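A closer look at the structure
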Amino acid sequence: MITLLWIVIFLATFIGMEGMAWFTHKYIMHGFLWSLHKDHHQKDHSSWWERNDLFFVFYAAVSIGCFLSWRYENVWFTLPIGLGILAYGIAYFSVHDIFIHQRFKIFRNANSTYAKGIRRAHKMHHKHIGKEDGENFGMLFVPFKYFKKSK
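Residues numbered from 1 in each chain as written. Predicted model: local features only at pLDDT ≥ 70, side-chain atom pairs only at ≥ 80, totals over all residues. Heavy atoms only, no water.

Some points on the pattern of salt bridges
Applying the stated rule across the entire model yields one salt bridge. Residue Glu135 is joined to Lys127 by a salt bridge in which the shortest nitrogen-to-oxygen separation is 3.9 Å. (Salt bridge = Lys/Arg side-chain N within 4 Å of Asp/Glu carboxyl O.)

Structural data, given as structure tokens:
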């Protein structure tokens, strides 16, 4: 029973992180912390590192905090939460930084309907270089219209 509960918490955290990423992207990154996200939309630098990467560091710290809470405070449910955040971070990094933005030159030939839809949705998001009038703030789950246009 406990194992099933851990799996449910892990999956709920992973799925919930997509909502958190959407909210953070739309209202924080394109809001009051645009100064950190702007360099991701407006390539006015030649560095591999972007100020935008600090958002990744924030969520990594939250995940680490969950692991520490589990390990040292014996709060059992923070382990599956921390693992869910970590798994989402790995998925996000793999899709966003590796697959879409090609920070590492792998996954270049992925041409499934899902891959094309995700790539198209992100391209539509980046056509807006300012913080206003953006569209599609999600990453792993995007509106079906992007998949239809990608077939």
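Right, picking up where we left off after that structure.
What about helix H2 (residues 34–41)?
Inspection of H2 places Trp34, His37, Asp39, His40 and His41 among the buried residues, and these make up the whole buried set. As for H2, its buried residues are in contact with helix H1 (2–32), helix H3 (54–73), helix H4 (78–100) and helix H5 (113–126). (Buried < 20%, exposed > 50% of the residue type's maximum accessible area, 1.4 Å probe, protein only. Helix = DSSP H or I, 4+ residues; strand = E, 2+ residues; numbered from the N terminus. Contact = heavy atoms within 4.5 Å.)

Considering the nonpolar core
Formed by 20 residues in total, the largest nonpolar core has its most connected members in Tyr88, Val95, Ile100, Ile118, Met139, Leu140 and Val142. Elements with a contribution of two residues or more to this core: H1, H3, H4, H5 and helix H6 (145–148). At six residues, the largest contribution of residues to this core is made by H4. Not counting residues within four places of it along the chain, the set of residues in contact with Met139 comprises Glu18, Tyr88, Tyr92, Val95, His96, Ile100, Ile118 and His122. (Core = buried A, V, L, I, M, F, W, Y, C linked by side-chain atoms within 4.5 Å.)

Concerning the packing of H1 against H2
Running from N to C, H1 and H2 cross one another at 95°; their axes reach a closest spacing of 5 Å. As judged from the angle between their axes, H1 and H2 are roughly perpendicular. Judged by residue contacts, His25, Ile28, Met29, His30, Gly31 and Phe32 of H1 engage Trp34, His37 and His41 from H2. Of the residues that constitute the contact of H1 with H2, the class distribution is four nonpolar, five polar and no charged. (Axes fitted to C-alpha atoms, helices over the stretch in contact; angles between N-to-C directions. Parallel < 35°, antiparallel > 145°, perpendicular 65-115°, else oblique. Nonpolar A, V, L, I, M, F, W, Y, C, P; charged D, E, K, R; others polar.)

Some words on the packing of H3 against H4
Think of two packed helices as two axes; the pair is described by the angle between the axes and how far apart they sit. Between H3 and H4, the shortest axis-to-axis distance is 7 Å and the interhelical angle comes to 155°. Taken together, the axes of H3 and H4 lie roughly antiparallel to each other. For H3 against H4, the interelement crossing comes out left-handed. Side by side, H3 and H4 meet where Phe56, Tyr59, Val62, Ser63, Cys66, Phe67, Ser69 and Trp70 of the first sit next to Thr78, Leu79, Ile81, Gly82, Leu83, Ile85, Leu86 and Gly89 of the second. Across the contact of H3 with H4, the residue classes break down as eleven nonpolar, five polar and no charged. (Left-handed = near helix turned anticlockwise from the far one by under 90°.)

Examining H3
In this model, H3 (20 residues) spans 27 Å end to end at C-alpha, consistent with the 28 Å of a helix rising 1.5 Å per residue. Turning to H3, its buried residues number three or more, namely Phe55, Tyr59, Ser63, Cys66 and Ser69. Relative to the axis of H3, the buried residues are bounded by an arc of 110° and lie together on one face. Opposite the packed face of H3, turned more than 90 degrees from it, sit the exposed residues Arg71 and Tyr72. Directly beyond the C-terminal end of H3, a positive phi value near 60° is found at Asn74. (Expected span 1.5 Å × (residues − 1). Arc of directions from axis to C-beta.)

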